Amino acid sequence: FSKASFVASTGEGDGKDVDLDDPDFWSKAVGLEAPPEELDPNMALIIDDGSKRHRKQVQAFDPLREDAEAEQRRLEAIAIKKQEEKEEKEQKKLEKFLRKEAEREAKEKAKREEKELKEKLKEKKLRAVKDHKDIKAKEVKKKVKEVRVVYNERKTDRKRALKR
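Just so you know, these numbers come straight off a predicted model, no measurement behind them.

1. Things to note about the overall build of the protein
In terms of helices and strands, the protein carries three helices and zero strands. The order of α-helices and β-strands along the protein, N terminus first, is α-α-α. Of the roughly 17,500 Å² of accessible surface on the protein, 54% is carried by carbon and sulfur atoms.

2. Some details on a nonpolar patch on the surface
Taken together, the side chains of L94, F97 and L98 define a hydrophobic patch exposed on the protein surface, amounting to about 310 Å² of accessible area. With respect to the helices, strands and loops of the structure, F97 is situated in helix α3 (residues 65–163).

3. Examining the pattern of salt bridges
Counted according to the given criterion, the structure contains seven salt bridges. For the salt bridge of R74 with E71, the shortest nitrogen-to-oxygen distance reads 2.5 Å. With a gap of three residues between them, R74 and E71 both fall in helix α3, about one helical turn apart. A relative accessible area of 43% places R74 in the partly exposed class. Residues participating in the shared-partner salt-bridge network are E101, R104 and E108.

Cut-off values and rules
- Residues numbered from 1 in each chain as written.
- Predicted model: local features only at pLDDT ≥ 70, side-chain atom pairs only at ≥ 80, totals over all residues.
- Heavy atoms only, no water.
- Helix = DSSP H or I, 4+ residues; strand = E, 2+ residues; numbered from the N terminus.
- Areas by Shrake-Rupley, 256 points an atom, 1.4 Å probe, with all protein chains shown as cover.
- Patch = residues over 30% accessible without salt bridge, like charges linked within 9 Å, V, L, I, M, F, W, Y side chains within 5 Å.
- Salt bridge = Lys/Arg side-chain N within 4 Å of Asp/Glu carboxyl O.
- Buried < 20%, exposed > 50% of the residue type's maximum accessible area, 1.4 Å probe, protein only.

Shown next, in the form of C-alpha cells:
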C-alpha cells in the first residue's frame, strides 16, 4: 500500500510554508483576493438588492407517491362501499321488520273481524232461536185458546143438550 502526504506551499519553490492559523491563509494558499470595497452601483444591485431572499418551495420526487395515492383511493372506495352495504342491509332489515309488523297487524285485525262476525252470527242465531221459540210459544198459545174455545163450546153444547 502506498502512503501520500500533502504539504501546502506557495508554489514559489523557496520552501516557505503556509501557516494554517494565518489570517491571510486563503489569499496565500489559493491566491484569492479580498473583494473590492467599492463596487459599481449596478453590480451592487445584482449582488445585493437589499431584499430578503426567498427560497422556492419544491416538491420532493417520490416515485411511489402515485401508487400510495392509488392505494389510498382504493381503500377509501372500499370503505365507502362497505358503508353503503351496511346502510343497505340496515334498510332491508328495517323494511323486513315493518313488513312483518304490518302482516302481524293485518292478521290481528282479521282475527278481530272474524271474532266480531262470529259473535254477530251467534247473536243472530240466538235471536233466530228465540224468535222461533216465541213463534212456537205463540202457536201453542193460539192452539190452546182454540182448544179451550172448542172445549168450552162442547161444554156449552152439552149443557144445552142436558137442559133440553
